[in-house]
Amino acid sequence: MPDAKSMEESAGMLKDFLEGLPEKALHLGLRVLLAVLFFLLGVQVIKLARKLVRNSMQRAGAETGATQFVDSFVKAALYVLLVLMLAASFGVDAASIVAVLGSAGVAIGLAIQGSLSNLAGGVLLLVLKPFKVGDYIVESATGKEGTVTEIQIFYTRLLTPDHQTVVLPNGSLANNSLVNVTGQEARRMDIKVGISYKADLKQAKRVLLQVLEEDEASLKDRDRLVYVNELAASSVELGVRCWFRQEDFWPGKWRVTENCKLALDEAGIEIPYNQLDVHLDGQGETG
C-alpha cells in the first residue's frame, strides 16, 4: 500500500502537470501554427524559385523537355529541404534523420530502385535527346505511341491522336528501342494503288504522277515517283511516293489518296476488286 507521503507527491505532480498543460498546449499550438505558416511561405518560395529557373533556362534557349526535367527535379529537392527544415523546427535533428536513412539505405534502395532507374533514365533522355517535346514517338516494348507533351524527373507523358494521356517511365524509354516518327523535317509518303491488268499501265503512271506534281504541299525538291510494286493476283499494284513536311504529312496523304482515286476514275482506269477464277471440269460422273 502506498504511504500518505507518496500519494501526496503524486497528487502534487499531477496538479503541476494540469496547471502547466494550458501553457504547453498554447506553446505547441503556436509552434504548429508557425510551422503551417512556414510551410505555406515555403511553398510560395519554391514556386518563385521554380519560375526563376524556368525563365532562366528559356532565356538560355534550353529545350522544353530539359526545362521540364530540371523544374521537376528542383521541385522535388526543395520540398525535401522544406520538410527537413520543418522537422528541425520541432526539435528533430536533421543529422539524425540522415543517419536513420543511411542505416536503412539498403532497404530504401530496394524499395525505390524503380524510381532510381527512372531518374537515371530521365538523365539519359536529357543528355542523349532521342526525342523532344512535340515529337511523335512509338515505344517498342509496349507499343504505346503519341506526341510527347512532358519529360519529367521520373515519367514522360504522351498524348495519343485520340487525346488519351499515356504515362511512360523514363527507365523503360531509356532501356528499350523507340521510333521517333517526327524526328526529321520531312517524311516520305507511300501508298499502294491497284489497277486492272487490262488497263494502260503507262497512262496510269502518268495520271498518278500528275496528281503528285499538282499537289502544292508535296516537296518539289524531293523525289516524286510512281512505280510497279507488285504483279498481284487480281491487279497490277502501283506504288505512289512523295515527301511532305511533318506538319503536312497526314493531310497530304489523305488528300493524295483521294485524288489518285478521282484521277483514275476520270481517266477510265479500273481499280479492280479481288478476283478468283474458277475452272470447272466438264467431265461429270456417269452412273
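Below or above, wherever it landed, is the structure these notes cover. These numbers were taken from a predicted model, which means no experiment stands behind them.

### Concerning the overall build of the protein
Of regular secondary structure, the protein possesses eight helices and eight strands. Put simply, the protein has 287 residues, and 26% of those count as buried. Summed over all atoms, the accessible surface of the protein reaches about 19,400 Å², with 60% contributed by carbon and sulfur.

### Thoughts on helix α8 (residues 249-266)
Helix length check: α8 (18 residues) gives 25 Å between terminal C-alpha atoms against 26 Å at 1.5 Å per residue, within 8%. All of the buried residues in α8 are Phe-249, Gly-252, Val-256, Cys-260, Ala-263 and Leu-264. One side of α8 carries all its buried residues, which in axial view fall inside an arc of 90°. Projecting away from the buried face of α8 at angles above 90 degrees are the exposed residues Trp-254, Glu-258 and Glu-266. Lining the buried residues of α8 we find β6 (186-195), α7 (201-214) and β8 (236-245). A positive backbone phi angle near 75° is found at Gly-268, which sits one or two residues after α8.

### Observations concerning a nonpolar patch on the surface
A surface patch of nonpolar side chains, amounting to about 700 Å² of accessible area, comprises Leu-30, Val-32, Leu-33, Leu-34, Val-36, Leu-37, Phe-39 and Leu-40. Counting through the fold element by element, Val-32 comes out in helix α1 (residues 4-59).

### Structural notes on the pattern of salt bridges
Throughout the structure, instances matching the rule amount to ten salt bridges. Here Asp-265 and Lys-261 are joined by a salt bridge, their closest N and O atoms 2.4 Å apart. Note that Asp-265 and Lys-261 are positioned in helix α8 at a spacing of four residues, about one turn of the helix.

### Let's talk about the packing of aromatic side chains
By the definition in use, this model includes two aromatic pairs. Here Trp-250 and Trp-254 contribute two aromatic rings whose centre-to-centre distance is 6.0 Å and whose plane-to-plane angle is 35°, an arrangement assigned as tilted. A residue pair is termed a helical-turn pair when its members lie 3 or 4 positions apart in one helix, as Trp-250 and Trp-254 do in helix α8 at four residues. For Trp-250, a relative accessible area of 41% corresponds to the partly exposed category. Take Trp-254: its relative accessible area is 57%, and that puts it in the exposed class. One aromatic cluster in this structure is built from Phe-249, Trp-250 and Trp-254.

### Considerations on the sheet that holds β6
Taken in spatial order, the three strands line up as β6-β8-β7 in an open sheet, and their pairing is antiparallel. Both edges of this open sheet fall to β6 and β7 (225-231), since each of them pairs with a single strand only. On average, adjacent strands in this sheet sit at an angle of 30° to one another, irrespective of strand direction. With ten bridges connecting them, β6 and β8 associate as antiparallel partners.

About the criteria used
- Residues numbered from 1 in each chain as written.
- Predicted model: local features only at pLDDT ≥ 70, side-chain atom pairs only at ≥ 80, totals over all residues.
- Heavy atoms only, no water.
- Helix = DSSP H or I, 4+ residues; strand = E, 2+ residues; numbered from the N terminus.
- Buried < 20%, exposed > 50% of the residue type's maximum accessible area, 1.4 Å probe, protein only.
- Areas by Shrake-Rupley, 256 points an atom, 1.4 Å probe, with all protein chains shown as cover.
- Expected span 1.5 Å × (residues − 1).
- Arc of directions from axis to C-beta.
- Contact = heavy atoms within 4.5 Å.
- Patch = residues over 30% accessible without salt bridge, like charges linked within 9 Å, V, L, I, M, F, W, Y side chains within 5 Å.
- Salt bridge = Lys/Arg side-chain N within 4 Å of Asp/Glu carboxyl O.
- Phe/Tyr/Trp six-rings, centres within 6.5 Å; stacked < 30°, edge-to-face > 60°.
- Pairing = 2+ DSSP bridges.
- Axes fitted to C-alpha atoms, helices over the stretch in contact; angles between N-to-C directions.

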